[in-house]
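Given next are the chains, with one letter for each unit.
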Amino acid sequence: MNLVRIGLAGFGNIGSSVFENLKRNASLIESRSGLNLAITAIAEKDIRRKRRVALPKSLHVPNLEALIQRSDIVIELMGGCGAAAELALGALRAGKPVVTANKAMLAVRGREIFSASALHQTPIFFEASVAGGIPVLRAIRESLMVNRFSHIYGIVNGTCNYILTQMAERGVAFADALKEAQELGYAEPDPTFDIEGFDSAHKATVLATLAYNRCVDFKQVYVEGITRISAEDMRCARQLGYAIKLLAIVRRVDDREVEVRVHPTLIPQHNRLVSIRGVTNAVSIRGHVVGDLEFSGPGAGGNATSSAVIGDLIEAARYHLSRRGCNQPPFNAIIHPDGPRVKKMGDVVSRFYLRLAVEDSPGVLAQISSLLGKAKIGIASVIQTEARAGKTVPLILMTHEARNLSMQNALKKISRLKCVKAKPVTFRVETFEN
Ligand code: HSE
């Protein structure tokens, strides 16, 4: 009953990744949302191109009208401001919710598109248009609804941030960093759009439009890219205690005025945005009720963008079904009463920091390492400082991964050793690797 028909326009990197992720995760989506989302039509101009995911011929439709007709929801992933905008407008007029990742279209033709959405009482969702996989737009439009936003700062272009990170950390010149980014597939063969700041400016326009729920005119947004930054500027900025980042800046002046601009910006080295390296994106928001928030994560790529597109799709599908009068399960109805087991702490595996106060005499380290060895706990590193005769010395050990129960048992034995003079101190280590 909860089958929702999806029309997908554009089967490039992002489109095919959305297709694949929807298929691969269908049962997870169904168990969480109660929805059965099926792609029933795909429009793609270039059907001959060899691609990683094969385009299913049975779903291919010859034009965008057929796509709208055969679907309940339209996903626009074609890019550009022409046919993409016509598709979005056509779907909204037909009362079919739209999901898009197209920031250029929203920035340049937002006024028409948002007006059509209001007129036809049909929503358009665009989480993937800013900062890829980071759910910052949903946070702004829902979770933070009570806030007035005094500022939003974004590192929203991975290509530029990759180049600037290489220049800052390795002292390489702009042209070399750009070449490297192209070789790694982070920058397009023609990188103008990214390095001249237009991609960030489109995203700044979308952020400002959403934060102020008023259409911001892209033509009024100041745009300056990163091409004039030299390795020397990077060095000088660093000496002064700053880093240079390409920032998308949205600042509230008052109810009627807002600053929206994109340009290279010196920011103090201690600011958290400086730690955003490589292709990672980040958005920093100040709301008058919530205070300061930071979001960071992958801003581009098939999987990260699919994650945002599919999140929107579920919201669009719920909207579609409720308009049809189908009951939607409230969120807590899809939390199953028979939950997963919680792993016993004794079985949890972690690394350990262990600080012992020991006698400084021969064989002490051997006794301790033998007890750890018997418990199958590997030692990753050891520090022992010298002490004056007769005093205890601190012995600090970092272990490899071990079961908590093994560590507990080994600790009991270690604390009983005569050479151990105080209760061992131990903490778990999190390496953030898995
Ligand atoms: N070209 C963009 C970037 C990703 O380099 O971050 C798509 O918005």
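A few points on the structure. (Residues numbered from 1 in each chain as written. Predicted model: local features only at pLDDT ≥ 70, side-chain atom pairs only at ≥ 80, totals over all residues. Heavy atoms only, no water.)

## Description of helix H5 (residues 103–119)
The periodicity of an α-helix, 3.6 residues per turn, causes residues three or four places apart in sequence to face the same way. For clarity, the threshold we go by: Given a residue, its bend is the angle between the two axes fitted to the seven residues that end at it and to the seven that start from it. Helix and strand labels come from DSSP, where a helix needs a run of H or I of at least four residues and a strand needs a run of E of at least two; each type is numbered from the N terminus. Residue exposure (1.4 Å probe, protein chains only): buried if accessible area is under 20% of the type maximum, exposed if over 50%, otherwise partly exposed. Should any heavy atoms of two residues lie within 4.5 Å, those residues are counted as being in contact. Here a polar contact is recorded for every N or O atom pair within 3.5 Å, except that within protein the pair must consist of a potential hydrogen donor and a potential acceptor, and residues adjacent in sequence are included only if both atoms are side-chain atoms.
The principal kink in H5, of about 90°, is found at Arg109. Every buried residue of H5 is listed here: Ala104, Met105, Leu106, Ala107, Arg109, Gly110, Ile113, Ala116 and Ser117. Looking at the buried residues of H5, the elements they touch are strand S3 (73–76), helix H4 (83–93), strand S4 (98–100), strand S5 (124–125) and helix H10 (198–211). Two to three positions downstream of the cap, the backbone nitrogen of Ala104 sits 3.3 Å from a side-chain oxygen, assigning the N-cap of H5 to Asn102. Residue Gln121 follows H5 closely and has a positive phi angle near 45°.

## Side note on the site of the ligand
Formally: Proximity is defined per residue: if any heavy atom of the residue lies within 4 Å of a molecule or strand, that residue is considered near it. To measure how exposed things are, a 1.4 Å probe is used in the Shrake-Rupley method; for residues, cover is taken only from the protein chains shown. The classification used treats Ala, Val, Leu, Ile, Met, Phe, Trp, Tyr, Cys and Pro as nonpolar, Asp, Glu, Lys and Arg as charged, and all other residues, Gly among them, as polar.
Around the ligand, the structure places Lys103, Asn157, Gly158, Thr159, Asp194, Asp199, Lys203 and Ala300. Within the side chain of Lys103, an N or O atom sits 2.9 Å from an oxygen atom of the ligand. Out of a free accessible area of 260 Å², the ligand has 79% covered by protein chains. Elements that contribute at least two residues to the shell around the ligand include exactly helix H7 (158–170) and H10. Grouping the constituent residues of the shell around the ligand by class yields one nonpolar, three polar and four charged.

## Brief notes about the nonpolar core
We count it as follows: Put simply, buried Ala, Val, Leu, Ile, Met, Phe, Trp, Tyr and Cys residues joined by side-chain atoms within 4.5 Å make one nonpolar core. For the domains described, the bounds stem from an automatic or database domain assignment.
Grouped together as the largest cluster of nonpolar side chains are 70 residues, with contacts concentrated most on Val136, Ile140, Ile152, Ile163, Met167, Ile226 and Ile285. Two domains each donate at least three residues to this core, and these are domain 1 (3–135 + 302–334) and domain 2 (145–298). Listed in part, the 31 residues of the second largest apolar core include Val4, Phe11, Leu22 and Ile75.

## Remarks on a nonpolar patch on the surface
Worth spelling out the cut-off: Each patch is built from residues lacking any salt bridge and having more than 30% relative accessible area; the joining distance is 9 Å for like charges and 5 Å for nonpolar side chains (Val, Leu, Ile, Met, Phe, Trp, Tyr). Here, a salt bridge means any side-chain nitrogen of Lys or Arg that lies within 4 Å of a carboxyl oxygen of Asp or Glu.
Among the surface-exposed residues, Leu184, Tyr186 and Val279 lie close enough to one another that they form a single nonpolar patch of about 250 Å² accessible area. Take Tyr186: it is sitting in the loop between helix H8 (174–183) and helix H9 (192–195).

## Observations regarding the sheet that holds strand S2 (residues 36–43)
Backbone hydrogen bonds hold the strands of a sheet together, and the pairing may be parallel or antiparallel. Stated precisely, the cut-off is as follows: By this definition, two strands are paired if DSSP reports at least two bridges between them. Fitted lines through C-alpha atoms serve as axes, helices being fitted only where they are in contact, and the angles separating the N-to-C directions of these axes extend from 0 to 180 degrees.
Spatially, the five strands line up as an open sheet ordered S2-S1-S3-S4-S5, and their pairing is parallel. The sheet is open, and its two borders are formed by S2 and S5, each paired with just one other strand. Where S3 meets S4, three bridges bridge the pair, whose relative direction is parallel. Looking at the pairing, Ile75 lines up with Val99 of S4. Contacting strand S1 (3–9), S3, S4 and S5, H4 runs over the sheet at an angle of about 165° to S3.

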